[in-house]
Amino acid sequence: MALYSEKVMDHFRNPRNVGVIEDANGIGEVGNAKCGDIMKMYLKIEDDIIKDVKFETFGCGSAIASSSMATELIKGQPVSEAMKLTNKAVAEALDGLPAYKMHCSVLAEEAIQSALEDYRNRKENK
Ligand code: FES
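Residues numbered from 1 in each chain as written. Predicted model: local features only at pLDDT ≥ 70, side-chain atom pairs only at ≥ 80, totals over all residues. Heavy atoms only, no water.

1. Observations concerning the pairing of strand 1 (residues 26-31)
- Taking every second residue as pointing to the same face, the buried face of strand 1 carries G26, G28 and V30, while none of I27, E29 and G31 on the other face is buried.
- Linking strand 1 to strand 2 (residues 38-46), which pair antiparallel, is a turn of 6 residues; within it G36 sits at a positive phi near 85°. (Buried < 20%, exposed > 50% of the residue type's maximum accessible area, 1.4 Å probe, protein only. Helix = DSSP H or I, 4+ residues; strand = E, 2+ residues; numbered from the N terminus. Pairing = 2+ DSSP bridges.)

Structural data, given as structure tokens:
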């Protein structure tokens, strides 16, 4: 069996939603101390709906595929749904990741949660 699913390879070669949102109202950045990979998520939220999401990932192929898939899963969703996104859901949507690459999908979950937290903090401090 191939190590990586077709979907992982597709999202790695052709990642969706790469880039920066200049007027993002939720930004999260996380890193994994062990592998040194870094992921940054930008959210543009209006009326509690995720209108746009972009990412920058300095990391391995699985991290790039995970961030790409995670952005696709939350785009257009209400904040309450995005908050429920787990790394397991991201990995499942990619038709699986090798066990030792699961931490890459954790990074995507954490980056999104961190961006959502930033959004909440900004809203409260308005
Ligand atoms: Fe660290 Fe993939 S090896 S995020």
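Now that the structure has been shown, we can carry on.
2. Digging into the sheet that holds strand 3 (residues 49-58)
- Across the sheet, 3 strands lie side by side as 1-2-3; this open sheet has antiparallel pairing. Only two strands of the sheet have a single neighbouring strand rather than two, namely strand 1 and strand 3. With direction set aside, neighbouring strand axes in the sheet form an average angle of 15°.
- Inspection of the sheet shows strand 2 paired to strand 3 by 9 bridges, in the antiparallel sense. Within strand 3, the position partnered with I38 by the bridge is F58.
- Those strands touched by helix 2 (residues 61-74) are strand 2 and strand 3, and its axis lies near 175° from that of strand 3.
- In the packing of helix 5 (residues 102-124) onto the sheet, contacts are made with strand 1, strand 2 and strand 3, and the angle to strand 1 comes to roughly 145°. (Axes fitted to C-alpha atoms, helices over the stretch in contact; angles between N-to-C directions. Contact = heavy atoms within 4.5 Å.)

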